[in-house]
Amino acid sequence: MGCILSSEALYDTGPTPSVSVSVVGEVYIYVPGFRAPKYVDLKGTLHGSISADLLSRLQQLRSQVLIALGKYTPASKSRRFRRPHQQDTPAAVHLEKALVNYLPVLLGFMTKGEKLTSGLFFEWTNVEDENKETSMGSVYYELLSVLHLLGVLALQEANTCLTPRPPAEGYSPKVTEDSKRNAIELLLKAASYLECALRAVLPNTPEDVKEKLPAALTESMLRAIENQALGHGIELQLGFAVDNVKASLAVKRRIACEHVKVWEEVSEKLVCAPLADGRREKYLLFVNWKLSEAKVGAYYFHGLILDEGYEDNMHAQAITCLRAAETFLKESQRIKVEFGNAEPMTKVPPSWGAIKYLSEKIPRDVLVRARLFKEKYHKEILPVATPQLPVFQLALKADQYNLPPIDPAWEKETGYEGRYNLDSDLPAFLVKRDLSRKENGPSELRRAQPILATPAMVQAR
């Protein structure tokens, strides 16, 4: 987040226009490194390698991505003023459609070692830093970049859903329940795109290509962003649970502990990501901020449950957890300010959702229960270390996104036929036909499963 593409810049089959960067709007979901493709003369480079019809189709589909991207303005101030029930901006929908339509024809180039793309270099640039431009002659690089952009696009749209609309006269800004549910759907969609890149593309990418991938496309970074998407979704679920009077303490504690677990995984992966120092510091601050907020809820609800127990020193453990929650609350507020002030500067939102509820409840509860502890349970021994949180498996998961079938236009190419691929997670890749082999019947082309629909919101448990 924190960057926009100029809405006046339209991509066509000419040189790539310049991209402007700005910091506008509140950041609820921060993702560094919005990457944009640059114009590539496919017709000139691939002339004679594939048929003219297929080449024109390839150039057209990639150009549609560039045009849609030029009309898309992530995190722009104008996109905050939305109709009450508008889930996605038309520009975002068109960009996603263009990217998804581009995938089938792009997959046809993965021909198990064939060098069709020899001399062809796909160029992408980091919008936040135009000097960080990467050009690689690999279809795997292009495919990873497309899936990464689909994931980041969904994350940025989720951020828009969480940005309060201008209030009606006399009312404060508010995010509707429908907007929060739409945000969860978008977060799950982002996670599914990134999981597809990790499962179906990256393991099959040649090692020499992996070594040259930019930081955003490395395994550690893709996994970090995937878990981040799930982390934001769990945060919204916790907010629903807090607002639901029927949700038990056990349910709230479980969601809060899952929230901690997923952000710890983000932190672990980010440490291994080869980010530049400035971007690493900014992203680490954001992750540490969200991890601290997650621990606030987990220790608070865990402390309340322990306080209901009857075992020895249970109340002492409970007050220790509540004090830990208060400590993490102060820590999260400090890191939040540091994150906003770190370059590139971003506008952080006021407390909202579950953390707003917790910031109001915890200081009072700690004072009351600490006084009660001194009066009734002063003989209990306070633990030396803070009690460990229970561990739960993540219940919020995205549906699997499968790569689409290869564009049927590739079946008409001379010297190509469909073959089964041994990896069930991948669509069939076309391979060179052995023209000396006697034809015994029609060729077979394994089709990948159709693209799954956007997963519906996972209800709070």
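Residues numbered from 1 in each chain as written. Predicted model: local features only at pLDDT ≥ 70, side-chain atom pairs only at ≥ 80, totals over all residues. Heavy atoms only, no water.

- The name that an unreviewed UniProt entry assigns to the protein is BRO1 domain-containing protein, with the source organism given as Physcomitrium patens.
- The heading Sequence similarities (unreviewed entry) in the UniProt record of the protein holds the text "Belongs to the BROX family." (UniProt positions renumbered as here; feature names shortened; annotations may be inferred.)

Section: the overall build of the protein
Logical step 1: Helix and strand counts for the protein come out as 11 helices and five strands.
Logical step 2: Going through the 461 residues of the protein one by one, you find that 55% of them count as buried.
Logical step 3: Counting contacts in the protein only where the partners sit at least 6 residues apart, residues at least 24 apart contribute 77% of the total.
Logical step 4: Here the protein has roughly 21100 Å² of accessible surface; of this, 51% comes from carbon and sulfur atoms. (Helix = DSSP H or I, 4+ residues; strand = E, 2+ residues; numbered from the N terminus. Buried < 20%, exposed > 50% of the residue type's maximum accessible area, 1.4 Å probe, protein only. Contact = heavy atoms within 4.5 Å. Areas by Shrake-Rupley, 256 points an atom, 1.4 Å probe, with all protein chains shown as cover.)

Let's talk about the environment of Gln-156
Logical step 1: Within the secondary structure, Gln-156 is located in helix α4 (residues 139-162).
Logical step 2: Residue classification places Gln-156 among the buried positions, given a relative accessible area of 0%.
Logical step 3: Linking Gln-156 and Val-31, residues 125 residues apart in sequence, is a C-alpha distance of 8.1 Å.

Brief notes about the packing of helix α7 (residues 219-243) against helix α8 (residues 249-272)
Logical step 1: α8 packs onto α7 with a crossing angle of 160 degrees between their chain directions and a minimal axis gap of 8 Å. When the axis of α7 is compared with that of α8, the two are roughly antiparallel. Read as a crossing pair, α7 and α8 show a hand that is left-handed.
Logical step 2: Partitioned by chemical class, the residues of the contact of α7 with α8 number 14 nonpolar, seven polar and six charged. (Axes fitted to C-alpha atoms, helices over the stretch in contact; angles between N-to-C directions. Parallel < 35°, antiparallel > 145°, perpendicular 65-115°, else oblique. Left-handed = near helix turned anticlockwise from the far one by under 90°. Nonpolar A, V, L, I, M, F, W, Y, C, P; charged D, E, K, R; others polar.)

Section: the layout of surface pockets
Logical step 1: Quantified by volume, the largest pocket comes out at close to 420 Å³.
Logical step 2: Lining the largest pocket are 16 residues, and of these Val-175, Ser-351, Trp-352, Gly-353 and Lys-356 sit closest to its centre.
Logical step 3: Mapped by element, the contributors of at least two residues to the lining of the largest pocket are α5 (177-201) and α11 (353-376).
Logical step 4: Tallying contributions element by element places α11 first for the lining of the largest pocket, with three residues.
Logical step 5: Broken down by class, the residue content of the lining of the largest pocket amounts to eight nonpolar, two polar and six charged.
Logical step 6: When residues of the lining of the largest pocket are sorted by domain, at least three fall in each of domain 1 (26-74 + 90-165 + 176-217 + 400-418) and domain 2 (253-387). (1 Å grid on protein atoms, 1.4 Å probe; cavity = no way out; pocket = protein on both sides within 12 Å on 5 of 7 lines; lining within 4 Å. Points joined across faces, edges and corners; volume = space filled by probe spheres on them. Domains from an automatic or database assignment.)

Remarks on the pairing of strand β2 (residues 122-126)
Logical step 1: Counting buried positions along β2 yields four of five residues, so the element is predominantly enclosed.
Logical step 2: Pairing analysis gives three bridges linking strand β1 (residues 35-37) to β2, with the strands arranged antiparallel. What sits directly across from Arg-35, in β2, is Asn-126. (Pairing = 2+ DSSP bridges.)

Brief notes about the confidence of the model for the protein
Logical step 1: Looking at the protein, pLDDT values average 80 and 76% of them are 70 or higher.
Logical step 2: Of the regions scoring below 50 in pLDDT, residues 1-24 engages in 71 contacts with residues more than four places distant in sequence or in other chains.
Logical step 3: Predicted confidence is poor over residues 419-461, with pLDDT under 50, and the contacts of this stretch with residues over four places away or in other chains come to 97 contacts. (pLDDT = per-residue confidence, 0-100.)

With respect to the pattern of salt bridges
Logical step 1: All told, the structure shown has 13 salt bridges when counted by the stated rule.
Logical step 2: A salt bridge links Glu-258 to Arg-254, with the nearest nitrogen and oxygen atoms 2.9 Å apart. Taken together, the positions of Glu-258 and Arg-254, both in helix α8 and four residues apart, correspond to about one turn of that helix.
Logical step 3: Taken together, the shared-partner salt bridges connect Glu-235, Lys-290 and Glu-293 into one network. (Salt bridge = Lys/Arg side-chain N within 4 Å of Asp/Glu carboxyl O.)

Here's the deal with empty space enclosed by the protein
Logical step 1: For the structure shown, the criterion picks out eight cavities of 30 Å³ or more.
Logical step 2: Taken as a whole, the largest cavity holds about 110 Å³ of empty space.
Logical step 3: Counting residues per element, the ones that place at least two in the lining of the largest cavity are α7, α9 (277-307) and α11.
Logical step 4: Broken down by element, the lining of the largest cavity gets its largest block of residues, four residues, from α11.

Brief notes about the packing of helix α3 (residues 90-107) against α4
Logical step 1: Running from N to C, α3 and α4 point in directions that differ by 160 degrees, and their axes come no closer than 10 Å. With respect to each other, α3 and α4 are oriented roughly antiparallel. Handedness of the crossing formed by α3 with α4: left-handed. Counted together, Ala-92, Leu-95, Glu-96, Leu-99, Val-100, Tyr-102, Leu-103, Leu-106 and Leu-107 of α3 and Val-139, Glu-142, Leu-143, Val-146, Leu-147, Leu-149, Leu-150, Leu-153 and Glu-157 of α4 form the full contact between these two elements.

A word on the state of the cysteines
Logical step 1: What the rule picks out here adds up to zero disulfides.
Logical step 2: Of all cysteine sulfurs, the one in Cys-321 lies closest to Cys-257, which takes part in no disulfide; the gap is 9.6 Å.
Logical step 3: You can call Cys-257 buried: its relative accessible area is 5%. (Disulfide = S-S within 2.5 Å.)

Section: α11
Logical step 1: The end-to-end C-alpha separation of α11 is 34 Å, in line with the 34 Å expected for 24 residues at 1.5 Å each.
Logical step 2: All of the buried residues along α11 are Ala-354, Ile-355, Leu-358, Ile-362, Asp-365, Val-366, Ala-370 and Phe-373. (Expected span 1.5 Å × (residues − 1).)

Quick notes on unusual backbone geometry
Logical step 1: Along the chain, Glu-343 connects to Pro-344 via a cis peptide bond; the corresponding omega equals -5 degrees.
Logical step 2: Inspection of the secondary structure assignment puts Pro-344 in the loop between α10 (314-341) and α11.
Logical step 3: Positive phi outside glycine occurs at Asn-313, with the angle close to 60 degrees.
Logical step 4: The topology assignment puts Asn-313 in the loop between α9 and α10.
Logical step 5: On the basis of relative accessibility, which here comes to 28%, the residue Asn-313 falls in the partly exposed class.

Description of the environment of Ala-250
Logical step 1: Assignment of secondary structure puts Ala-250 in helix α8.
Logical step 2: Here the alpha-carbon distance between Ala-250 and His-302, two residues 52 residues apart in the chain, equals 8.4 Å.

Quick look at the packing of aromatic side chains
Logical step 1: What the rule picks out here adds up to 13 aromatic pairs.
Logical step 2: Aromatic side chains Tyr-300 and Phe-301 sit 5.3 Å apart centroid to centroid with 65 degrees between the ring planes, which places their arrangement in the edge-to-face category.
Logical step 3: An aromatic cluster of three or more residues is present, and its members are Tyr-30, Trp-263, Tyr-283, Phe-286, Trp-289 and Phe-339.
Logical step 4: Over the face of the ring belonging to Tyr-30 we find Lys-282, whose NZ or CZ atom lies 6.0 Å from the ring centre. (Phe/Tyr/Trp six-rings, centres within 6.5 Å; stacked < 30°, edge-to-face > 60°. Lys NZ or Arg CZ within 6 Å of the ring centre and 35° of its normal.)

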